[in-house]
Amino acid sequence: MYDGIVQDLIDEFGRLPGIGPKSAQRIAFHILQTQNFDVARLAELLVEVREKVRFCEVCGNITEQERCAICRDPRRDQGVICVVEEPKDVVAIERTRQFRGVYHVLGGAISPIDGIGPDDLSIPALMRRLSVGSGEEPVREVIIATDPNLEGEATAAYLSRLLTSIEIPVSRLASGLPVGGDLEFADEVTLGRAFEGRRRVE
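Residues numbered from 1 in each chain as written. Predicted model: local features only at pLDDT ≥ 70, side-chain atom pairs only at ≥ 80, totals over all residues. Heavy atoms only, no water.

- Looking at an unreviewed UniProt entry, one finds the protein chain named Recombination protein RecR, with Leucobacter massiliensis as its source organism.
- UniProt annotates the protein chain under Function (unreviewed entry) with the comment "May play a role in DNA repair. It seems to be involved in an RecBC-independent recombinational process of DNA repair. It may act with RecF and RecO."
- Under the Sequence similarities (unreviewed entry) heading, UniProt states for the protein chain: "Belongs to the RecR family." (UniProt positions renumbered as here; feature names shortened; annotations may be inferred.)

Some words on the side chain of E85
Inference 1: Along the chain, E85 turns up in the loop between strand 3 (77-84) and helix 5 (87-96).
Inference 2: Buried charge E85 goes without a salt bridge, the closest partner of opposite sign being K88 at 6.1 Å.
Inference 3: Filtering out sequence-adjacent residues up to four positions away, E85 remains in contact with V105, L106, G107, G108, A109, T146, D147 and G152. (Helix = DSSP H or I, 4+ residues; strand = E, 2+ residues; numbered from the N terminus. Buried < 20%, exposed > 50% of the residue type's maximum accessible area, 1.4 Å probe, protein only. Lys, Arg positive; Asp, Glu negative; His and termini not counted. Salt bridge = Lys/Arg side-chain N within 4 Å of Asp/Glu carboxyl O. Contact = heavy atoms within 4.5 Å.)

So, the packing of helix 6 (residues 123-130) against helix 7 (residues 150-163)
Inference 1: Where helix 6 meets helix 7, the axes come as close as 12 Å, and the angle between the chain directions of the two elements is 35 degrees. Note that helix 6 runs across helix 7; the crossing there is right-handed. Residues I123, L126, M127 and L130 of helix 6 form the contact with helix 7, whose own contacting residues are Y158, L159, L162 and L163.
Inference 2: Residue classes in the contact of helix 6 with helix 7 are distributed as eight nonpolar, no polar and no charged. (Axes fitted to C-alpha atoms, helices over the stretch in contact; angles between N-to-C directions. Left-handed = near helix turned anticlockwise from the far one by under 90°. Nonpolar A, V, L, I, M, F, W, Y, C, P; charged D, E, K, R; others polar.)

Focus on the packing of aromatic side chains
Inference 1: A full pass over the atoms with the stated rule returns one aromatic pair.
Inference 2: Consider the rings of F99 and Y103, whose centres lie 5.2 Å apart with planes at 65 degrees: the pair is edge-to-face. (Phe/Tyr/Trp six-rings, centres within 6.5 Å; stacked < 30°, edge-to-face > 60°.)

Looking at helix 6
Inference 1: Every buried residue belonging to helix 6 is among I123, L126, R129 and L130, and all of these are buried. Take helix 6 and look down its axis: the buried residues cluster within an arc of 115 degrees, on one side only.
Inference 2: Elements that come into contact with the buried residues of helix 6 comprise strand 3, strand 4 (101-105), strand 5 (141-144) and helix 7. (Arc of directions from axis to C-beta.)

Some details on the packing of helix 1 (residues 4-14) against helix 2 (residues 21-33)
Inference 1: The N-to-C vectors of helix 1 and helix 2 enclose an angle of 125 degrees; their axes lie 8 Å apart at closest approach. Looking at the two axes, helix 1 sits oblique to helix 2. Relative to helix 2, helix 1 is oriented so that their crossing is right-handed. The segment helix 1 lies against helix 2, with V6, L9, I10, F13 and G14 engaging P21, A24, Q25, I27, A28, F29, I31 and L32. (Parallel < 35°, antiparallel > 145°, perpendicular 65-115°, else oblique.)

Comments concerning the pattern of salt bridges
Inference 1: One pass over the structure, following the stated rule, counts 10 salt bridges.
Inference 2: Notably, a salt bridge pairs R67 with E57, separated by 3.3 Å at the nearest N-O pair. Highlighted residues: R67 in the loop between strand 2 (62-63) and helix 4 (69-72) and E57 in the loop between strand 1 (54-55) and strand 2, separated in sequence by 10 residues.
Inference 3: Under the relative-accessibility criterion, R67 is labelled partly exposed at 32%.
Inference 4: Among the salt bridges present, the one from E153 reaches R172, with a minimum N-O distance of 2.9 Å. With E153 in helix 7 and R172 in strand 6 (residues 170-172), this pair connects stretches of sequence that are 19 residues apart.
Inference 5: A cluster of three or more residues bridged by salt bridges with shared partners is formed by R41, E44, E48 and K52.

Below, the structure is given as structure tokens:
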């Protein structure tokens, strides 16, 4: 424990997701010990982000305008929607350069333990996008790209059941063994998915 505002700073960093006590302490001391660290710029950016960044009115991705760059891009295929949990998932998929459709960000995943149910996600907004006569290009396919964990699987299963009543093809991202990984370190779910998604060698 440190005295006064130093400990307060460490505590604030420690409240961020993925940052434990040691990481929080390291970040705090980096700021304290690095003479040319622009604290004012960091503070300015934090305020700007809170004031300017919003969620896209169409897909829920982060943007500084009413619609995000992907939804505004006329080159994107509006007929294919990829459903993801968080905006960071959009970035991950975009890095692959394999998907040219649009997205729908749920804002999380179904997690009864954390008290998060379907009503806490942007599922109604997704259903509105899929409804006939919405004024947009007809949707030809929905790709469910939730995380391959318990919460993601529960969300995918719920969406799949919900979308069966709509005559739109629904697919789920394949998941399996990572390139460069070892079988002995793979969990049962990952190995099972790898077997289910196996393809014939031509």
